[in-house]
Amino acid sequence: MAAVDPRRTSSTCPVCGSKLRENGYRRLKCHRCGFEGNRDHIAILNIERRALSILHMGGSEILSNALQMKDVFTNRCGEPMNSLKGTLAL
């Protein structure tokens, strides 16, 4: 287990490290590399990468396998819809 500083985890691109810009309700997009997703999911990716980095397990390998979150269907409020109850749709 590793303690991770949560600052700027939902506003930093998990792919290239650039500052993300808003692209709809709770959605962010990187204008440098094109990555986009829900700000909570982006924070999860960044926290995971930081924790793996602290534990010296190579967090960048996890990110290279992460799905692009722009493929997630959204509900009328812009939040991702999950077709499988009890699981996180990435």
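Everything that follows concerns the structure shown earlier in this document.
Residue positions are counted from 1 within each chain, in the order its sequence is given. Predicted model: local features are reported for residues with pLDDT of at least 70 only, side-chain atom pairs are reported and counted for 80 or more only, and whole-chain, interface and lining totals are derived from all residues. Hydrogens and water molecules were not included; the side-chain quantities draw on all heavy atoms of the structure.

**A few points about the overall build of the chain**
On a plain count of helices and strands, the chain comes out with two helices and three strands. For the purposes of this entry, the term helix denotes a DSSP run of H or I that reaches at least four residues, the term strand denotes a run of E that reaches at least two, and both are numbered from the N terminus. When its helices and strands are written in sequence order, the chain yields β-β-β-α-α. Across the 90 residues that make up the chain, the buried fraction comes to 29%. Only heavy atoms enter the contact rule, under which two residues are in contact if any of them lie within 4.5 Å. Look at the contacts in the chain between residues 6 or more apart in sequence, and 44% of them connect residues 24 or more apart. Throughout, exposure labels follow a simple rule: accessible area from a 1.4 Å probe, protein chains only, divided by the maximum for the residue type, with under 20% read as buried, over 50% as exposed, and the rest as partly exposed.

**Some points on the side chain of N46**
Within the secondary structure, N46 sits in helix α1 (residues 39–54). The exposure class of N46 is buried, given its relative accessible area of 1%.

**Things to note about the environment of R21**
With respect to the helices, strands and loops of the structure, R21 is situated in strand β1 (residues 21–22). Residue class for R21 comes out exposed when judged on its relative accessible area of 52%. Sequence separation between R21 and S11 is 10 residues; the distance between their C-alpha atoms is 7.7 Å. Those residues in contact with R21 that sit more than four places away from it in its chain are R27, L28, K29 and H31.

**A short note on the sheet that holds strand β3 (residues 36–38)**
Spatial ordering of the open sheet is given by β1-β2-β3, a layout of three strands whose pairing is antiparallel. Of all strands in the sheet, those bounded by a partner on one side alone are β1 and β3. A strand pair is defined by DSSP finding two or more bridges across the two strands. In this structure, strand β2 (residues 27–29) lies alongside β3, joined through three bridges in antiparallel fashion. In the sheet register, K29 faces β3, and the bridge partner there is E36.

**Overview of the pattern of salt bridges**
Every case where a carboxyl oxygen of Asp or Glu lies within 4 Å of a side-chain nitrogen of Lys or Arg is listed as a salt bridge. Inspection of every chain in the model, using the stated rule, returns three salt bridges. For D5, the salt bridge is made with R7, and the minimal N-O distance between the two is 2.8 Å. What makes R7 exposed here is its relative accessible area of 54%. With a shortest N-O distance of 3.5 Å, R27 and E36 are connected by a salt bridge. A residue is classified by how much of its surface remains accessible, and E36, at 13% relative accessible area, is buried.

**Considerations on unusual backbone geometry**
Of note, the phi angle at R8 is positive, near 60 degrees, even though the residue is not glycine. Relative to the assigned elements, R8 resides in the segment before β1. Even without being a glycine, R26 presents a positive backbone phi close to 60 degrees. Within the secondary structure, R26 is located in the loop between β1 and β2.

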